[in-house]
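Residues per chain are reported as follows:
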Amino acid sequence: MSERIWTAALVVIGDEILSGRTQDKNVAQLATWLNVQGIRLAEVRVVPDVTAAIVEAVNALRVRNDYLFTTGGIGPTHDDITVDAIAAALGVGVVHHPKAVAVLERYYEARGGLTEARKRMARVPEGADLIENRMSGAPGIHIGNIFVMAGVPHITAGMLDALTGTLEGGRPVLSRTIGCWVAESEVAVLLGEVERAHAGVAIGSYPFFREGRTGANFVVRATDPAVLDACVADLIARLEADGRTVFPDGI
């Protein structure tokens, strides 16, 4: 029986990402965190601050993945529409979560008080739970298999920390990198043969041009350490038999 693969998708929400004003860092951050949980980031979609676009992305991705994460659009301003869009996607109303209101009241007590704008950050789709945010008070949101998080990377990191160990997943994907000064096309057949010879392994090839010559790093991925080691040993042996010098940790 094949091993169960747990997957997640990410919807990155915000006009500032699409315009290039802000460079997204949450894709790499989430992918790394998910791997430790034994979950693979299967797809990412970047959408503008437009309700219809968010609804379409949320409904498409939540049904074909075990988990769906969103980042961005949960702040206090008028263009923070993520909560309303997710509620619309799920066909539920929007309410002020009493615990979120209490958290924000405490957080803003010495910061000018809880204004109506700030209170917007306590709004959640009806039936949602909260994700703790130790960084800036305003919590994230969890409803069904959807996790709604901040767009600011260090705040997202704190929310992920609060979720660590709470999501069901499989075994983390392990990886090893080796490198050669060789054109990728010259060893493409060899790479394919090695990958097919080792069930449960994926080999990624990453070519580069450096120091006036062509090279490539090969990343071998598997969930079983013994399978990973066997594949790497086989790949090194075949590359060396082909007359290549192998750099064990990549170039």
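About the criteria used
- Residues numbered from 1 in each chain as written.
- Predicted model: local features only at pLDDT ≥ 70, side-chain atom pairs only at ≥ 80, totals over all residues.
- Heavy atoms only, no water.
- 1 Å grid on protein atoms, 1.4 Å probe; cavity = no way out; pocket = protein on both sides within 12 Å on 5 of 7 lines; lining within 4 Å.
- Points joined across faces, edges and corners; volume = space filled by probe spheres on them.
- Nonpolar A, V, L, I, M, F, W, Y, C, P; charged D, E, K, R; others polar.
- Helix = DSSP H or I, 4+ residues; strand = E, 2+ residues; numbered from the N terminus.
- Core = buried A, V, L, I, M, F, W, Y, C linked by side-chain atoms within 4.5 Å.
- Buried < 20%, exposed > 50% of the residue type's maximum accessible area, 1.4 Å probe, protein only.
- Contact = heavy atoms within 4.5 Å.
- Pairing = 2+ DSSP bridges.

A.B. asks: Explain empty space enclosed by the protein to me, please; I cannot follow it from the model alone.
C.D. replies: Empty space among the atoms becomes apparent when a probe as large as a water molecule is rolled across them. Under the counting rule described, the total for this entry stands at two cavities of 30 Å³ or more. When its volume is computed, the largest cavity comes out at roughly 80 Å³. Residue composition of the lining of the largest cavity, grouped by class: five nonpolar, two polar and three charged. Here the second largest cavity is characterised by a volume of approximately 50 Å³. Glu3, Arg4, Ile5, Trp6, Gly38, Arg40, Gly170, Arg171 and Thr223 are the residues that line the second largest cavity. In the lining of the second largest cavity, the residues fall into two nonpolar, three polar and four charged.

A.B. asks: When you look at the environment of Ala157 in this model, what are you seeing that I'm missing?
C.D. replies: Tracing the backbone shows Ala157 in helix 7 (residues 153-163). Remark: the alpha-carbon pair of Ala157 and Gly73, spanning 84 residues in sequence, is separated by 16 Å.

A.B. asks: I would appreciate a short explanation of the nonpolar core in the present structure.
C.D. replies: Here is a general trend for soluble globular proteins: nonpolar side chains tend to be buried in one another's company. Within the largest apolar cluster, 42 residues are counted, with the highest numbers of intra-cluster contacts made by Trp33, Tyr67, Phe69 and Leu167. With seven residues, strand 1 (residues 6-13) is the largest single contributor of residues to this core. Not counting residues within four places of it along the chain, the set of residues in contact with Leu167 comprises Trp33, Ile39, Tyr67, Phe69 and Phe147. Counting residues in hydrophobic clusters, the runner-up holds 19 residues, among them Val187, Leu191, Val220 and Val246.

A.B. asks: Mind showing me how you'd approach unusual backbone geometry here?
C.D. replies: With the exception of glycine, the majority of residues adopt a negative phi angle, and the majority of peptide bonds are in the trans configuration. Phi is positive for Glu211, which is not a glycine, with a value near 55°. Its location among the elements puts Glu211 in the loop between strand 10 (202-210) and strand 11 (213-222). Classification of Glu211 by relative accessible area gives exposed; the value is 65%.

A.B. asks: So what exactly am I meant to see when it comes to the pairing of strand 8 (residues 146-149) here?
C.D. replies: In regular strands, side chains alternate between the two faces of the sheet. Both faces of strand 8 are covered, namely the face carrying Ile146 and Val148 and the face carrying Phe147 and Met149. Of the strand pairs in this sheet, strand 7 (residues 140-143) and strand 8 are connected by three bridges, and their pairing is antiparallel. Looking at the pairing, Ile141 lines up with Val148 of strand 8.

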